[in-house]
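Geometric and topological summary
Spelled out, the chains give:
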Amino acid sequence: MPASEEFTARLLPLLREVVAVYGTPFHIYDARGIVATHRAMEAAFAGEPFRQYFAVKALPNPSVLRLLLAEGSGLDCASPVELELAARVGAEGDAVVFTSNNTAPQEYALARKGGALITFDDRAFFDRVDELPDVVAFRVAPHGLAAGSALMGDATRTKFGVPADELADAYREARRRGARRFGVHGMICANELDVGRAARAAADVIELGAAVAASAGVPLEYVNVGGGLGIPYRPGERPFDFAAYARAILAQRDASFPGPDKPKILMECGRYVTGPHGVLVTTVLNRSRKAREIAGLDASMSALMRPGFYGAYHHATLPFADDRAEATVDLVGALCENMDKFAEDRTLPDPRVGDIVLVHDTGAHGHAMGFTYNGRLRPPELLLTDDGDVVEIRRAETFEDYTATARWRPEPVLSAARTAS
Ligand SMILES: *Cc1c(COP(=O)(O)O)cnc(C)c1O
């Protein structure tokens, strides 16, 4: 949807000047909006044991991660590289959760050394880990128990988690191996905007966690309900009602854990925290009529692959062309791929060469999913600080970056001559 009024009001007066001195394309994020969203999440759980762990994969920029850490957020990592990044920005111990899938034993060892809260995605992985972490948590596979939750429907195709009917056994095994502290994880939603469905999915994990803990005779320190909360990408969509979500979660927690020992609620939201607080700023390079009306931008799907990859909607605006007659156009990039489009059949003020175009809601899974196909390199990232400064938090990629991993002279791996000896 259109960027928040506050972000727009702070950005637009600066934008032409930023573009003049810096050029396009770039992503720019709103530090104030990101922090405000995080604070609102905390406020919804005020006084209750709760921690939000920002999903690093959504926006793995050190400056943004530090901003969130300073607010008390933890970081959710899913790979050794993300763990390293979390460590480098100062996230330590249980400020990190490691929720990964299809993971090598040495990755768990790395996460354990750093003191992260580890989610085991599978019993087989758990069996292969030599040393257990202080707290053992398993991820619950989607299992279709939550009546009416459409998102539970793909339970038969999931690659994630431990099947619900094996869960109690997994915890018993963990206890047998010496574990004394336990958590549970479940994440079933993806870009979910419906509070009812998201709350049912979370309640389901809490309920199942309580049942399994009772059955296996283990205490549960935390329930991690994952991320997957949605943002309104389309105009007219309503923002997710996080306060209602928090109330529903706390009510279910109290119902499932009526005693004094309430488990802490953890979350791993990425998109919800940063998604709406970023825009991709581009310039129209080319305007043509083919089978379709085309406006060619100076960014490509290497800067934002969601539209081309998933057909995802990203709102686009021409902030300085409001008074112009409209046209229905495709906004396209430069890749040799027909899917390299930010939008199809979008009605906008008729774009002209040199116009600035904003592609909205690029604050999560935007730059992070970028790639370098065709030598169309990833654009830089800027931050609009709380003070109203514009700072560079990632430079544009260069030819040197593009070729940094290439061996200009091949390195020997295996010699054909070996068979002769
Ligand atoms: C991707 C992912 C998240 C974050 O998802 P969002 O949609 O960005 O909130 C959190 N936890 C896990 C395990 C994930 O795979």
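Across its full length, the protein carries twelve helices and 17 strands. Relative to the 2.2 N^0.38 estimate, which gives 22 Å for 421 residues, the radius of gyration of the protein is 23 Å and therefore close to what a compact globule would have. Viewed in the frame of its principal axes, the protein has a C-alpha envelope of about 70 × 65 × 40 Å. Relative to its 421 residues, the protein shows a buried fraction of 52%. Counting contacts in the protein only where the partners sit at least 6 residues apart, residues at least 24 apart contribute 68% of the total. In the form shown here, the protein has an accessible surface area of approximately 19300 Å², with 50% of it arising from carbon and sulfur atoms.

What follows is about the domain arrangement of the protein. Segmentation of the protein into domains returns domain 1 (31–275) and domain 2 (276–402). On a C-alpha basis, the centroid separation for the pair domain 1 and domain 2 is 32 Å. Contact residues are listed per partner, giving 23 residues for domain 1 and 21 residues for domain 2. Interface area for domain 1 against domain 2, summed over the two sides, is near 1900 Å², with a carbon-plus-sulfur share of 54%. When the buried surface of domain 1 facing domain 2 is broken down by residue, N61, Y233 and G275 rank first, second and third, together holding 29% of it. Remark: the boundary between domain 1 and domain 2 carries one salt bridge.

This part covers the environment of E268. Considering the arrangement of structural elements, one finds E268 in the loop between β9 (264–267) and α10 (271–274). For the pair E268 and R51, spaced 217 residues apart in the sequence, the C-alpha separation amounts to 8.8 Å. Once you skip the residues sitting within four places of it in the chain, E268 turns out to touch Q52, Y53, A55, D76, V97, T99, H185, N224, G226 and G227. Separated by 3.1 Å, the side chains of E268 and H185 make a polar contact.

An order of β2-β3-β4-β5-β6-β7-β8-β9 is seen for the eight strands of this closed barrel, with the pairing classed as parallel. Taking each pair of neighbouring strands and ignoring which way they run, the sheet shows an average axis angle of 25°. The sheet contact formed by strand β3 (residues 74–77) and strand β4 (residues 96–99) spans three bridges and is parallel. Following the sheet pairing, C77 is matched in β4 by F98. Sitting on the sheet, helix α7 (residues 164–176) is in contact with β6 (135–139) and β7 (181–185), with an inclination near 160° to β6.

About the thresholds
- Residues numbered from 1 in each chain as written.
- Predicted model: local features only at pLDDT ≥ 70, side-chain atom pairs only at ≥ 80, totals over all residues.
- Heavy atoms only, no water.
- Helix = DSSP H or I, 4+ residues; strand = E, 2+ residues; numbered from the N terminus.
- Rg over C-alpha atoms; globule rule 2.2 N^0.38 Å.
- Buried < 20%, exposed > 50% of the residue type's maximum accessible area, 1.4 Å probe, protein only.
- Contact = heavy atoms within 4.5 Å.
- Areas by Shrake-Rupley, 256 points an atom, 1.4 Å probe, with all protein chains shown as cover.
- Domains from an automatic or database assignment.
- Buried area = accessible area lost by both parts, 1.4 Å probe.
- Salt bridge = Lys/Arg side-chain N within 4 Å of Asp/Glu carboxyl O.
- Polar contact = N/O pair within 3.5 Å; in protein donor to acceptor, adjacent residues only side chain to side chain.
- Pairing = 2+ DSSP bridges.
- Axes fitted to C-alpha atoms, helices over the stretch in contact; angles between N-to-C directions.

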